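Spelled out from the first residue to the last, the chains are:
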Amino acid sequence: MKYNSKAFAKLNLYLQVFKLNKGEDLHSISSLFQEISLHDILTIKVTKTQNINYKITYSGFTVPTNTNNIIGKIFETLKPQLNHSYDIHIDKKIPLGSGMGGASSNGAMFIKAINTIEQKNWDYKTLIDISKRFGSDIAFFLNGGTQEISGFGNILTPKPASIQRFFVIIYPNIECSTKKIYQHFDTMIKEKADEINESNNSLLPVVLDYSKEMKTIFHILTSEISYNVQLTGSGSTFFIETPSKKESALLKQKLSTLFPAYYIQTTESIHKDHPLRQ
């Protein structure tokens, strides 16, 4: 049996992060997640066998091939419920540590694949409950589209599809550690709360304060182009919304000249009826 799935990326169109809840040791957030057309492709081949195992290969961006990969972690956790061995190839177009949810998206698609292949007939609530064991963002990718995310990432409110939106993403080949960025947030919020709270993404001033390299890139971007430059998640991907696909293509060309070593792509918002889903 062979199973193919597209695992789409996301952008945080806004992100507000609140002070650490010491009782939960978590930060509550308020964010608008937008699924975008940039995607990985998962090709899964399964064999029914008593000696159940998994193998991960990849092309494109490098990924772990053991339980440091969310797919490996999901497999090992759910292994007692499986009847097949899994050979998973990831054509990786979403960089790890980019703030675009690549690992979470892969995880969501793998859980859905298991549901189909193993004929589990898990309903949406069950899929959500399973996903929570592996990361808070996975639940978003089970349905994708546009969703408001709040609480500790556990409250999801789907929003109706709006007009088509177009973006250019700039990944500067820097992997931002979410854990370290949130730790820096906890330090910085004590003295620079106004700066953080006034930003469309609470973590943008934190990332710029934490990383001199990211700060330099941001200043070059904002000085060279007229569009608003935003950060998705805890970085390191910057993104710029443009009014049209044509404008995105022109902007990509300009940015590729400025930053020839960076991963720069045009992308657009997607929803359940988008042609890429077919």
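Cut-offs and rules
Residues numbered from 1 in each chain as written. Predicted model: local features only at pLDDT ≥ 70, side-chain atom pairs only at ≥ 80, totals over all residues. Heavy atoms only, no water. Helix = DSSP H or I, 4+ residues; strand = E, 2+ residues; numbered from the N terminus. Buried < 20%, exposed > 50% of the residue type's maximum accessible area, 1.4 Å probe, protein only. Areas by Shrake-Rupley, 256 points an atom, 1.4 Å probe, with all protein chains shown as cover. Lys, Arg positive; Asp, Glu negative; His and termini not counted. Charge placed at Lys NZ, Arg CZ, Asp CG, Glu CD. Polar contact = N/O pair within 3.5 Å; in protein donor to acceptor, adjacent residues only side chain to side chain. Contact = heavy atoms within 4.5 Å. 1 Å grid on protein atoms, 1.4 Å probe; cavity = no way out; pocket = protein on both sides within 12 Å on 5 of 7 lines; lining within 4 Å. Points joined across faces, edges and corners; volume = space filled by probe spheres on them. Nonpolar A, V, L, I, M, F, W, Y, C, P; charged D, E, K, R; others polar. Pairing = 2+ DSSP bridges. Axes fitted to C-alpha atoms, helices over the stretch in contact; angles between N-to-C directions. Right-handed = clockwise from strand over helix to strand, strands pointing away. Core = buried A, V, L, I, M, F, W, Y, C linked by side-chain atoms within 4.5 Å.

What to know about the overall build of the chain
Here's step 1: Helix and strand content of the chain: 9 helices and 10 strands.
Here's step 2: When its C-alpha atoms are laid out on the principal axes, the chain stretches across 60 × 45 × 35 Å.
Here's step 3: A total of 278 residues make up the chain; the buried ones form 49% of that total.
Here's step 4: For the chain, the exposed surface amounts to about 13700 Å²; the carbon and sulfur share of it is 48%.
Here's step 5: Taken as two groups, the 31 positive and 25 negative side-chain charges of the chain have centres that lie 6 Å from each other.

Topic: the side chain of S31
Here's step 1: With respect to the helices, strands and loops of the structure, S31 is situated in strand β2 (residues 26-48).
Here's step 2: Owing to a relative accessible area of 1%, S31 belongs among the buried residues under this scheme.
Here's step 3: Of the polar contacts made by the side chain of S31, one reaches the side chain of N12; its length is 2.9 Å.
Here's step 4: Contact partners of S31, with chain neighbours within four places excluded, come to N12, Y14, L15, Q147, E148 and I149.

Some points on empty space enclosed by the protein
Here's step 1: By the definition in use, this model includes 1 cavity of 30 Å³ or more.
Here's step 2: In this model, the largest cavity occupies a volume close to 60 Å³.
Here's step 3: If you go around the largest cavity, the residues you meet are Q34, T146, A161, S162, I163, Q164, S269, I270 and H271.
Here's step 4: A breakdown of the residues in the lining of the largest cavity according to their chemical character gives 3 nonpolar, 6 polar and no charged.

Remarks on the environment of I225
Here's step 1: The residue I225 is located in the loop between α8 (212-224) and β8 (229-231) in this model.
Here's step 2: Residue classification places I225 among the buried residues on the basis of a relative accessible area of 9%.
Here's step 3: As a C-alpha pair, I225 and T47 span 178 residues in sequence and 52 Å in three-dimensional space.
Here's step 4: In contact with I225, other than residues within four places in its own chain, are I240, L251, K254 and L255.

A word on the sheet that holds β8
Here's step 1: Strand order in this open sheet of 4 strands is β8-β9-β7-β10, and the pairing throughout is antiparallel. Only two strands of the sheet have a single partner each, and these edge strands are β8 and β10 (263-268). Neighbour-to-neighbour, the strand axes of the sheet open up by a mean angle of 30 degrees, direction not taken into account.
Here's step 2: Both strand β7 (residues 166-171) and strand β9 (residues 238-242) contribute to a ladder of 5 bridges, which runs antiparallel. Considered in β9, the bridge of I170 is made with F238.

Focus on the pairing of strand β4 (residues 84-92)
Here's step 1: Bridging between β2 and β4 involves 8 bridges; their strand directions are antiparallel. Residue T43 lies in a different strand from β4, and its bridge partner there is H89.
Here's step 2: Pairing geometry for strand β3 (residues 54-60) and β4, over 7 bridges, is parallel. Among the inter-strand pairings, T57 is bridged to a residue of β4, identified as H89.
Here's step 3: Crossover β3 to β4 through helix α1 (residues 70-78) is left-handed.

Considerations on unusual backbone geometry
Here's step 1: In this structure, S236 follows G235 across a cis peptide bond, with omega equal to 20 degrees.
Here's step 2: As for its position among the elements, S236 is in the loop between β8 and β9.
Here's step 3: Of note in the backbone geometry, Q119 takes a positive phi value of approximately 55 degrees without being a glycine.
Here's step 4: When you line up the elements, Q119 lands in the loop between α2 (102-117) and α3 (124-131).
Here's step 5: The class of Q119 is exposed, set by a relative accessible area of 63%.

As for the nonpolar core
Here's step 1: Formed by 67 residues in total, the largest nonpolar core has its most connected members in I44, Y86, I88, F110, F238 and L255.
Here's step 2: The dominant element in this core, judged by the number of residues it contributes, is α2, at 7 residues.
Here's step 3: Among all residues touching Y86, those that are not within four sequence positions of it are I44, K45, V46, N53, Y54, K55, F75, F110, I114, I117 and E118.

These values are about where atoms sit, not about what they do.
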